Amino acid sequence: MISLKSEREIKAMMESGAILASIHQALRDFIREGVTTADIDRFVHHRIEQAGAVAAQIGYEGYKFATCTSVNDEICHGFPSRYQLKAGDIVKVDFCVDLKGAISDSCWCYAVGEISEEHQRLLEVTKKSLYLGIEAAKVGNRIGDIGHAIQSYVESEGFGVVRDFIGHGIGPTIHEDPGIPHYGIQGKGQRLREGMTITIEPMVTTGTWQMKMDKNGWTARTRDGGYCAQYEHSLAITKEGPIIMTEQEL
Ligand code: MF3
Ligand code: CO
């Protein structure tokens, strides 16, 4: 069931999203060679609590960390660990902030030191695909329009779109209806309505989009070892167009 949010609920989610965005902004300087993914998790967790909010991923379906930190060929749900980032790595940091029951969700991809030109392009294409998806997220359009905007662009750039993980409704809980695939057919799927709050979070791969699951039952990685990038925003659908509730400052 899709729940439509009031203006008040959207305002609360925007406050939650502003905290989340400010932490991503701080990560730009924090993430560098030698930092471990556990350091990133501690940094984010501390900042969430400093802001008077709660790290919503802890305990969610048994997940144990404030963040997912997914490196290189890991698609998503990477566990923070003692792994030390090195030049050439890319790391996706994904987390949810719960401010008095209003949840926001955003993932950002960070380059560590110099990365290859191909991976630089992967990051740029993935980020642009997110914004193309957001542009399609307007009242009257359908969910398939979002996926189509993302998929057609990503594939025209020679990259793959992950199918096994999709965007979602969000609100008092992390995952709500509807699902938002990052692939799809124009004009298909449910209509977007004023008051829907959703995430768009394309995972884009240099090679195959097919995944394999780690033994931990959580971490997905590309089947061929190609790198994967991801950017995610939480959005509110309004008559005036989508509001990006987790937008960062430049
Ligand atoms: N932030 C993730 C998402 O984009 C949620 C991961 S589920 C968790 O949907 F259990 F890892 F938190
Ligand atoms: Co999400």
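Not measured: the values here are computed from a predicted model.

## Here's the deal with the packing of aromatic side chains
And step 1. Overall, the coordinates contain six aromatic pairs when judged by the stated rule.
And step 2. Here the aromatic rings of Phe 65 and Phe 79 are separated by 5.3 Å at their centres, their planes lie at 45°, and the arrangement is tilted. With Phe 65 in the loop between strand 1 (54-55) and strand 2 (67-71) and Phe 79 in the loop between strand 3 (74-76) and strand 4 (90-99), this pair connects stretches of sequence that are 14 residues apart.
And step 3. Given the relative accessible area of 22%, Phe 65 is considered partly exposed.
And step 4. An aromatic cluster is built from Tyr 63, Phe 65, Phe 79 and Trp 218, whose rings are joined through pairwise contacts.
And step 5. Directly above the ring of Tyr 183 sits Arg 163, whose terminal nitrogen or CZ lies 5.2 Å from the centroid.

## Remarks on the environment of Ile 185
And step 1. Assignment of secondary structure puts Ile 185 in the loop between strand 8 (176-180) and strand 9 (197-200).
And step 2. Judged by relative accessible area, which is 54%, Ile 185 ranks as exposed.
And step 3. Taking the C-alpha atoms as reference, Ile 185 lies 24 Å from Thr 222; in sequence the two are 37 residues apart.
And step 4. Not counting residues up to four positions away in its chain, the partners in contact with Ile 185 are Gly 144, Asp 145 and His 148.

## Some thoughts on the UniProt feature "binding site: a divalent metal cation 1" (unreviewed entry) in the protein chain
And step 1. Under the local residue numbering, the UniProt record ascribes the feature "binding site: a divalent metal cation 1" (unreviewed entry) to Asp 94, Asp 105 and Glu 232. In sequence the annotated residues extend across 139 residues, while in space they remain close, none of their C-alpha pairs exceeding 8.1 Å. The annotated residues named above include Asp 94, Asp 105 and Glu 232 as those lining the largest pocket.
And step 2. Relative to the assigned elements, Asp 94 resides in strand 4.

Rules of the game
Numbers given for residues are sequential positions, taken from 1 along each chain in its written order. Here the convention is simple: chains get letters from A, ligands get numbers from 1, in the order in which they are written. Thresholds applied to this predicted model are a pLDDT of at least 70 for local features of residues and 80 or more for the giving and counting of side-chain atom pairs; totals over whole chains, interfaces and linings are not thresholded and use all residues. The side-chain figures draw on all heavy atoms in the structure; neither hydrogens nor water molecules are used. Two aromatic rings, drawn from Phe, Tyr or Trp (for Trp, its six-membered ring), form a pair once their centres lie within 6.5 Å of each other, and the interplanar angle then sorts them: stacked below 30 degrees, edge-to-face above 60, tilted otherwise. Secondary structure elements are defined from DSSP: runs of H or I of at least 4 residues count as helices, runs of E of at least 2 residues count as strands, and each element is numbered from the N terminus. Accessibility here uses a 1.4 Å probe with only protein chains present; expressed as a share of the type maximum, an area under 20% marks a residue as buried, one over 50% as exposed, and anything in between as partly exposed. Charge-over-ring placement is defined geometrically: NZ (Lys) or CZ (Arg) within 6 Å of the ring centre, and within 35 degrees of the ring normal. Only heavy atoms matter for contacts: two residues are in contact if any of them lie within 4.5 Å across the pair. UniProt positions are given in the numbering used here, feature names are shortened, and annotations may be inferred rather than shown by experiment. Of the grid points, spaced at 1 Å and generated over the protein atoms alone, those admitting a 1.4 Å probe that cannot get out make up cavities, while open sets with protein on both sides within 12 Å along at least five of seven lines make up pockets; any residue with an atom within 4 Å of a point is treated as lining.

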